[in-house]
Amino acid sequence: MSEAETHLYQREGAYIPRVAAVHDLCGYGKCSLGVAIPVLSAAGCDVCPVPTGLFSSHTAFPGWYMHDTTEILADYLNAWKGIGVEIDAVYSGFLGAPEQVDRIRDLYAMYPNALRVVDPVMADHGKVYPTYTPELCDAMAELACGADVLTPNLTEAAIILGEPIGEDWGGTDISDEEARRLVDALIAKGAKHVVLKGIQRAGESCIRNFVGGADCETFEVHNEYLPYMLHGTGDLYASCLMAAVMAGRSLEEAVQFAGDFVHDAMLVSAEQPDFRDRGVSFEPLLGKVCELL
Ligand SMILES: Nc1ncnc2c1ncn2[C@@H]1O[C@H](COP(=O)(O)OP(=O)(O)O)[C@@H](O)[C@H]1O
Ligand SMILES: Cc1ncc(COP(=O)(O)O)c(C=O)c1O
């Protein structure tokens, strides 16, 4: 099957799909539920949040407060069972503790036909995020291998594959062959489709994402590389990809949409005061997500 034919979700007429969004909520700094709820809602989805933690801001700021929600989650999901909530997709991201992976497995058991999208948020630029323990990284790696769609950056791909990070991590300047090797290795570990993000080679003016799956050939999608980094681009990319998939678009259309949207939102962001702190500003562009329908 060619990449253009890979549809992961068939949207039926006026039906509004329901997505369980298993992410943290950050008071400041655009990421996680603060991105997933508006983006998926604009794509005509009914978003049902499962908060994995409450943060004053994301953890790249020098000071932040975190409230771990792990102990409420089993009762939270049991209450869903009690009222017969139906779910069409489970979309997970930043997690607070290894036990939260068990709660995601509970969701998979409750909704065996739901699409499983895992953004394995745990690290970037060769470094694990400060709240991530080795046990949580191992649990996330296991979860990643059962995904229908997995969206790692290069550091996360290395962690999932048990390859070196830290001082030994090679950076984002990798060859096509190396990117394809990583995608194939993640598929061999069980992920059905993989979107490997953020390949940026020295001297090149584009940023590449490699996309592959058990049922399609690996292909590459690229965008102009903007010479600054903003927090939350990974979450925005995964939410836009998810929005396009749930709107019934093919995998190829979805990765193109997500890359274009993040690029355009980064341009909008650069016009804001304090934009490097503020994170990725996507709000003025939400109309483009509505057009997916
Ligand atoms: N500087 C940039 N210029 C253009 N697009 C970008 C830039 N940074 C990120 N993106 C887009 O957003 C995607 C996800 O961002 P990235 O920062 O790699 O994710 P993560 O936060 O998970 O590390 C990239 O693969 C790319 O499509
Ligand atoms: C609390 C929290 N949630 C989510 C993220 C994910 O951010 P990104 O989209 O840059 O991977 C981070 C990253 O620092 C974070 O600290």
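Just so we're clear, the structure is a prediction, and the values are computed from it rather than from any experiment.

Now for the packing of aromatic side chains. Within the structure shown, the criterion is met by 7 aromatic pairs. Seen from their ring centres, Phe-55 and Phe-94 are 5.3 Å apart, and the 90° between their planes marks the pair as edge-to-face. Of the two residues, Phe-55 is situated in strand β2 (residues 46-57) and Phe-94 in the loop between β4 (89-92) and α3 (99-110); the sequence distance between them amounts to 39 residues. Note on accessibility: Phe-55 and Phe-94 belong to one class, buried. Residues Phe-94 and Tyr-132 carry aromatic rings whose centres are separated by 5.3 Å and whose planes lie at 90° to one another, so their mutual orientation is edge-to-face. With Phe-94 in the loop between β4 and α3 and Tyr-132 in the loop between β7 (127-128) and α4 (134-144), the pair connects residues that are 38 residues apart, well separated along the chain. Its relative accessible area of 7% is what places Tyr-132 among the buried residues. An aromatic cluster is built from Phe-55, Trp-64, Phe-94 and Tyr-132, whose rings are joined through pairwise contacts.

Okay, the pattern of salt bridges next. Applying the stated criterion across every chain, the model contains 13 salt bridges. A salt bridge links Glu-283 to Lys-30, with the nearest nitrogen and oxygen atoms 3.2 Å apart. Separated by 253 residues along the polypeptide, Glu-283 in the loop between α9 (275-278) and α10 (286-290) and Lys-30 in the loop between β1 (18-28) and α1 (33-42) bring together distant segments of the chain. It is possible to trace a salt-bridge network through shared partners that takes in Asp-176, Arg-201, Glu-204, Arg-208 and Glu-220.

A few words on the UniProt feature "domain: Pyridoxamine kinase/Phosphomethylpyrimidine kinase" (unreviewed entry) in the chain. UniProt's entry tags residues 84-267 with the feature "domain: Pyridoxamine kinase/Phosphomethylpyrimidine kinase" (unreviewed entry), counted in the numbering of this structure. Annotation note: span residues 84-267, helix share 41%, strand share 21%, distance between end C-alpha atoms 43 Å.

In the vicinity of ligand 1, 15 residues are found, and the nearest of them are Asn-153, Lys-197, Asn-209, Leu-226 and Thr-233. At 3.1 Å from an oxygen atom of ligand 1 is found a side-chain nitrogen or oxygen belonging to Asp-124. At a separation of 2.8 Å, a nitrogen atom of ligand 1 approaches a polar backbone atom of Leu-226. Sorting the residues of the shell around ligand 1 by element identifies β9 (193-199), β10 (206-213), α7 (233-246) and α8 (251-269) as the ones contributing at least two each. Here the element with the most residues in the shell around ligand 1 is α7; it accounts for 3 residues. Grouping the amino acids of the shell around ligand 1 by side-chain chemistry returns 7 nonpolar, 5 polar and 3 charged.

Taken together, 13 residues surround ligand 2, and among them Asp-24, Ser-32, Thr-59, Gly-232 and Asp-235 come closest. At 2.7 Å from an oxygen atom of ligand 2 is found a side-chain nitrogen or oxygen belonging to Thr-59. Contacts to ligand 2 include Asp-235, whose backbone N or O atom sits 2.9 Å from an oxygen atom. If ligand 2 stood free it would expose 390 Å²; the protein chains cover 96% of that surface. Of all the secondary structure elements, the ones that give two or more residues to the shell around ligand 2 are β1 and α7. Among the residues forming the shell around ligand 2, the class breakdown is 6 nonpolar, 5 polar and 2 charged.

Parameters and conventions
- Sequence positions are assigned chain by chain, starting from 1 and proceeding in written order.
- The lettering of chains begins at A and the numbering of ligands begins at 1, in the order of writing.
- Totals for whole chains, interfaces and linings use every residue, but because this is a predicted model, local features are given only for residues with pLDDT of at least 70 and side-chain atom pairs only at 80 or more, for both listing and counting.
- Computation of side-chain values: all heavy atoms of the structure, hydrogens and water removed.
- The aromatic pairing rule takes the rings of Phe, Tyr and Trp, using the six-membered ring of Trp, and pairs them if the centres are within 6.5 Å, calling planes under 30 degrees apart stacked, those over 60 edge-to-face and the rest tilted.
- Secondary structure elements follow DSSP: runs of H or I no shorter than four residues count as helices, runs of E no shorter than two count as strands, and numbering proceeds from the N terminus.
- Only protein chains enter the accessibility calculation, which uses a 1.4 Å probe. A residue is then buried if its area is under 20% of the maximum for its type, exposed if over 50%, and partly exposed in between.
- For this analysis, a salt bridge means a side-chain nitrogen from Lys or Arg found within 4 Å of a carboxyl oxygen belonging to Asp or Glu.
- UniProt positions are given in the numbering used here, feature names are shortened, and annotations may be inferred rather than shown by experiment.
- Throughout, near means a residue has at least one heavy atom within 4 Å of the molecule or strand.
- What qualifies as a polar contact is a pair of N or O atoms within 3.5 Å, subject to a donor-acceptor requirement within protein and to the restriction that residues adjacent in sequence count only when both atoms come from side chains.
- Amino acid classes used here: Ala, Val, Leu, Ile, Met, Phe, Trp, Tyr, Cys and Pro are nonpolar; Asp, Glu, Lys and Arg are charged; the rest, including Gly, are polar.
- For accessible areas, the Shrake-Rupley method is used with a probe of radius 1.4 Å. Any residue's cover is judged against the shown protein chains and nothing else.

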